[in-house]
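Chain and residue survey
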Amino acid sequence: MIKNIPFFNYSHIFGQYQIEIERIILDISKRGAFIMQHEVKAFEDNLAKYLNSNYALGVGNCTDALFLALKAANIGNGDEVIFSSHTFVATASAIYHTGAKPIPVECGTDHLIDISSIESSITSKTKAIIPTQLNGQVCNMDELQRVCNKYNLILIEDAAQSLGAKYKNKSAGTFGLASGYSFYPAKVVGCFGDGGALVTNDEDIYNKVFLTRDHGRAKIGEVVTWGMNSRLDNMHAAILDFKLSKYDLDIVRRREIASIYNEGLKDIKELILPSPPNSNQYKFEIYQNYEVEVVKASERELLRSFLNQNGIGTILQWGGKAVHEFEGLGLKYSLPFTEDLMRRCFLLPMNTSLTNDDVNYIIDIIRKYFNYGH
Ligand SMILES: Cc1ncc(COP(=O)(O)O)c(C=O)c1O
């Protein structure tokens, strides 16, 4: 029998904890506590504690968090900032809107920034690197920090996809000067619209962004600098605080699903899989996404359409193009490894609404496509 497994089940993020979330929505609504009430600070404190970081600030979304971090680090006109082109355009647009130039570089076989390709892109104008901790995986942070130290570069992490992921037991998003997290609905901890956080150990960055995310105000009626409106909604802060308290259970489940996929697909030579949980002693992955590659690019759309005919939704990250491939952005670079990867990779369903039966069904359909036995 054909199952119906959408790529992402948006209503599940409400349904999973409906009773508790209804209670939060009613409470906030009845109190009219919509903007910058104590729930924002409570969530910030709990998030900072969860990540073992000094400070967290709720902001409108991760793109703003990255932009505000770059501005607070005085990055702007005339500067260059390096990022991996296998990322959401947001990483680059946060750089662009400061006035700095986004410089895309290759990703490696793990889909994360290829650290060995960074050095040749460094110029006298390079001020910072933004690695994207993609798919719930963390880069080799020792290596990345070595490059940053050697060239005196600021490290700002795009941790939109990696809340709770770790490298040597340290959380993604806590290695550099600051980082951004996203609470977009499909993220591991998602809210019911847009939401984000900036995390930092640096008091100066915290103090600056505390002002700039709220119109440059120290308090209502007291504008002390230029700012913008990028506040985390109070309702979302309350919902996120609740979801964060349950999040470790979701991580366990995501890692279980990844293990089932890896076990069920590992003998298929036509596919390249993400590393299974615990395969690298230094890394703890939280599997925001499960991004697979077909060896032959010509196979990808055929496989995706076979999965689709069998009720299984898949997607191409960023619509199937690396950032530098969007002509309208004017980034004229050639990154052959990334370009080839973008023709071969796609995402299988990965979220906590999936049952083991669902995951095994997806595995069976893929095995059937490649003519492997059950
Ligand atoms: C890698 C990456 N960076 C940045 C963002 C932007 O996050 P937001 O939508 O919260 O601005 C996303 C979210 O889609 C993302 O996946």
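Described in the following lines is the structure provided in the data block. (Residues numbered from 1 in each chain as written. Predicted model: local features only at pLDDT ≥ 70, side-chain atom pairs only at ≥ 80, totals over all residues. Heavy atoms only, no water.)

The next subject is the overall build of the chain. Looking only at helices and strands, one finds 11 helices and 15 strands in the chain. A compact globule built from 374 residues should have a C-alpha radius of gyration of about 21 Å, and the chain, at 21 Å, falls within 12% of that. Projected onto the principal axes, the alpha-carbon positions of the chain cover approximately 70 × 55 × 40 Å. Counting over 374 residues, the chain shows a buried share of 57%. For the chain, the exposed surface amounts to about 16,300 Å²; the carbon and sulfur share of it is 52%. Distance between charge centres in the chain, computed from 38 positive and 43 negative side chains, equals 1 Å. (Helix = DSSP H or I, 4+ residues; strand = E, 2+ residues; numbered from the N terminus. Rg over C-alpha atoms; globule rule 2.2 N^0.38 Å. Buried < 20%, exposed > 50% of the residue type's maximum accessible area, 1.4 Å probe, protein only. Areas by Shrake-Rupley, 256 points an atom, 1.4 Å probe, with all protein chains shown as cover. Lys, Arg positive; Asp, Glu negative; His and termini not counted. Charge placed at Lys NZ, Arg CZ, Asp CG, Glu CD.)

This brings us to the nonpolar core. By size, the foremost hydrophobic cluster in this structure holds 50 residues, and its most contacted members are Leu47, Ile118, Leu163 and Phe183. At the level of secondary structure, the elements contributing two or more residues to this core comprise helix H3 (38-51), strand E3 (101-105), helix H6 (141-151), strand E9 (196-200), helix H8 (234-265) and helix H10 (336-344). If we ignore the near neighbours within four places in the chain, the residues touching Leu47 are Ala56, Leu163, Phe183, Ala197, Val199 and Leu244. Counting residues in each nonpolar core, the second largest holds 29 residues, with Phe83, Ile95, Ala160 and Ala178 among its members. (Core = buried A, V, L, I, M, F, W, Y, C linked by side-chain atoms within 4.5 Å. Contact = heavy atoms within 4.5 Å.)

Turning next to the packing of aromatic side chains. Under the defined criterion, the tally for this structure stands at 13 aromatic pairs. Measuring from centroid to centroid gives 6.0 Å for Phe14 and Phe192, while their planes differ by 75 degrees, and the two rings are edge-to-face. Of this pair, Phe14 sits in helix H1 (residues 12-15) while Phe192 sits in the loop between strand E8 (178-182) and E9, and the two are 178 residues apart along the sequence. For Phe14, a relative accessible area of 28% translates into the label partly exposed. In this structure an aromatic cluster arises from ring pairing among Tyr55, Tyr206 and Phe210. The lysine or arginine in question, Lys166, covers the ring of Phe284, its NZ or CZ lying 5.6 Å from the ring centre. The ring of Tyr282 is capped by Lys168, whose NZ or CZ atom sits 4.7 Å from the centre of that ring. (Phe/Tyr/Trp six-rings, centres within 6.5 Å; stacked < 30°, edge-to-face > 60°. Lys NZ or Arg CZ within 6 Å of the ring centre and 35° of its normal.)

With that settled, consider the sheet that holds strand E12 (residues 271-272). What the three strands build is an open sheet, ordered E12-E14-E15; its pairing is antiparallel. Two strands close off the open sheet at either side, each with one partner strand: E12 and strand E15 (345-348). The pairing of strand E14 (residues 290-294) with E15 spans four bridges and is antiparallel. Residue Glu293 lies in a different strand from E15, and its bridge partner there is Cys345. (Pairing = 2+ DSSP bridges.)

What follows is about the sheet that holds strand E2 (residues 80-84). Two orientations exist for strands paired in a sheet by backbone hydrogen bonds: parallel and antiparallel. Across the sheet, which stays open at both edges, the seven strands sit in the order E1-E9-E8-E5-E4-E2-E3 with mixed pairing between neighbours. At either end of the open sheet lies a strand with only one pairing partner, and these are strand E1 (55-59) and E3. Neighbour-to-neighbour, the strand axes of this sheet turn through a mean angle of 25 degrees, independent of strand direction. Bridge analysis of strand E4 (residues 126-130) against strand E5 (residues 154-158) gives two bridges, and the strand direction is parallel. What sits directly across from Ile129, in E5, is Leu155. (Axes fitted to C-alpha atoms, helices over the stretch in contact; angles between N-to-C directions.)

What follows concerns the layout of surface pockets. Roughly 630 Å³ of volume is contained in the largest pocket. Around the largest pocket, the lining is made up of 33 residues, and of these Phe88, Gln161, Tyr184, Lys187 and Trp318 lie nearest the centre. Elements supplying a minimum of two residues to the lining of the largest pocket: helix H4 (62-72) and E15. Among the elements that line the lining of the largest pocket, the one with the most residues is H4, at three residues. Split by residue class, the lining of the largest pocket holds 17 nonpolar, 12 polar and four charged. (1 Å grid on protein atoms, 1.4 Å probe; cavity = no way out; pocket = protein on both sides within 12 Å on 5 of 7 lines; lining within 4 Å. Points joined across faces, edges and corners; volume = space filled by probe spheres on them. Nonpolar A, V, L, I, M, F, W, Y, C, P; charged D, E, K, R; others polar.)

Counted by the stated rule, this structure contains zero disulfides. The thiol of Cys107 is unpaired, and the distance to the nearest cysteine sulfur, on Cys345, comes to 7.9 Å. Its sulfur unpaired, Cys191 is 12 Å from the next cysteine sulfur, which belongs to Cys62. Cys191 sits in the buried class, given a relative accessible area of 0%. (Disulfide = S-S within 2.5 Å.)

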